[in-house]
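# Summary of the model geometry
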Amino acid sequence: MRWYVYLTAPVSRLGAVIDLGPAVVDTPQRIADIAEQARVGNGVSVFEYVQDLPQAFAIPIQRVVQYPGMPLDQLKVELGSFHPPQGYTRLCNHPDLLSICEKVTADSPTREMTVHGH
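A brief look at the structure comes next. Everything numeric here is computed off the predicted structure, so don't read it as measured data. (Residues numbered from 1 in each chain as written. Predicted model: local features only at pLDDT ≥ 70, side-chain atom pairs only at ≥ 80, totals over all residues. Heavy atoms only, no water.)

Axis angle and axis distance: for two packed helices, these are the angle between their axes and the distance between the axes, and together they describe the pair. Orientation of helix α3 (residues 72-79) relative to helix α4 (residues 95-104), taken along the N-to-C sense of each, is 130°, at an axis distance of 10 Å. By the angle between their axes, α3 is oblique relative to α4. The crossing of α3 and α4 is right-handed. Facing α3, whose interface residues are L75, E78 and L79, α4 presents D96, L97, I100 and K103. Per-class residue counts for the contact of α3 with α4 are four nonpolar, no polar and three charged. (Axes fitted to C-alpha atoms, helices over the stretch in contact; angles between N-to-C directions. Helix = DSSP H or I, 4+ residues; strand = E, 2+ residues; numbered from the N terminus. Parallel < 35°, antiparallel > 145°, perpendicular 65-115°, else oblique. Left-handed = near helix turned anticlockwise from the far one by under 90°. Contact = heavy atoms within 4.5 Å. Nonpolar A, V, L, I, M, F, W, Y, C, P; charged D, E, K, R; others polar.)

Here is the structure:
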């Protein structure tokens, strides 16, 4: 799964992509253990957040790529209007925005990181 990232103010730019692995569905304790392994000290807060659920979810980040991107004013021109999403937007429902995302990622990346051990 690919997640296109709009960076909020002061950056105000569509300019990053995060490639996600398949969701891990497991017990709250196991998800907390994964969070702890990824970042020491994080497991306790994750467990507090999911402890009352019958199952919890973790979505591994596999790769992060930053592009020069497209600033908010240009997004508004390209799309006729643009209001940054508050959360997420399913691009299959917004083909014009998907086209812009693909245009942004056709440029050469400015930096890239692959996450190991997910």
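Moving on, we come to the side chain of D19. With respect to the helices and strands, D19 occurs in strand β2 (residues 13-20). Polar contacts involving the side chain of D19 include one to the side chain of R2, which spans 2.9 Å. Aside from chain neighbours lying at most four places away, what touches D19 is M1, R2, P60, I61, Q62 and R63. (Polar contact = N/O pair within 3.5 Å; in protein donor to acceptor, adjacent residues only side chain to side chain.)

Of the pairings in the sheet, the one linking β2 to strand β5 (residues 61-71) comprises seven bridges and is antiparallel in character. Directly across from V17, in β5, lies its bridge partner V65. Bridge count for β5 against strand β6 (residues 111-114) is four bridges, and the pairing is antiparallel. Residue pairing in the sheet places V65 in a bridge with E112 of β6. (Pairing = 2+ DSSP bridges.)

Estimated volume of the largest pocket: approximately 720 Å³. Along the wall of the largest pocket there are 25 residues; nearest its centre are W3, Y4, G87, Y88 and T89. A per-element tally of the lining of the largest pocket places strand β1 (residues 2-7) first, with five residues. Of the residues belonging to the lining of the largest pocket, the class tally is 18 nonpolar, five polar and two charged. (1 Å grid on protein atoms, 1.4 Å probe; cavity = no way out; pocket = protein on both sides within 12 Å on 5 of 7 lines; lining within 4 Å. Points joined across faces, edges and corners; volume = space filled by probe spheres on them.)

Time to look at the sheet that holds β2. The four strands are arranged β1-β2-β5-β6 in an open sheet whose pairing can be described as antiparallel. Pairing within the sheet leaves two strands with one partner each, and these edge strands are β1 and β6. Shown here is a sheet whose adjacent strand axes are inclined to one another by a mean of 20°, direction ignored. Seen against the sheet, α3 touches β1, β2 and β5 and runs at an angle of roughly 80° to β5. Strands β1, β2 and β5 of the sheet are contacted by α4, whose axis makes an angle of about 100° with β5.

Here we take up the nonpolar core. Among the nonpolar cores identified, the biggest contains 14 residues, and Y4, L14, L75, I100, C101 and V104 are the most heavily contacted of them. At the level of elements, β1, β2, β5 and α4 are the ones that each hand at least two residues to this core. Sort the elements by how many residues they give to this core and α4 lands first, with four residues. Here C101 is in contact with Y4, L14 and L91, once residues within four sequence places are set aside. (Core = buried A, V, L, I, M, F, W, Y, C linked by side-chain atoms within 4.5 Å. Buried < 20%, exposed > 50% of the residue type's maximum accessible area, 1.4 Å probe, protein only.)

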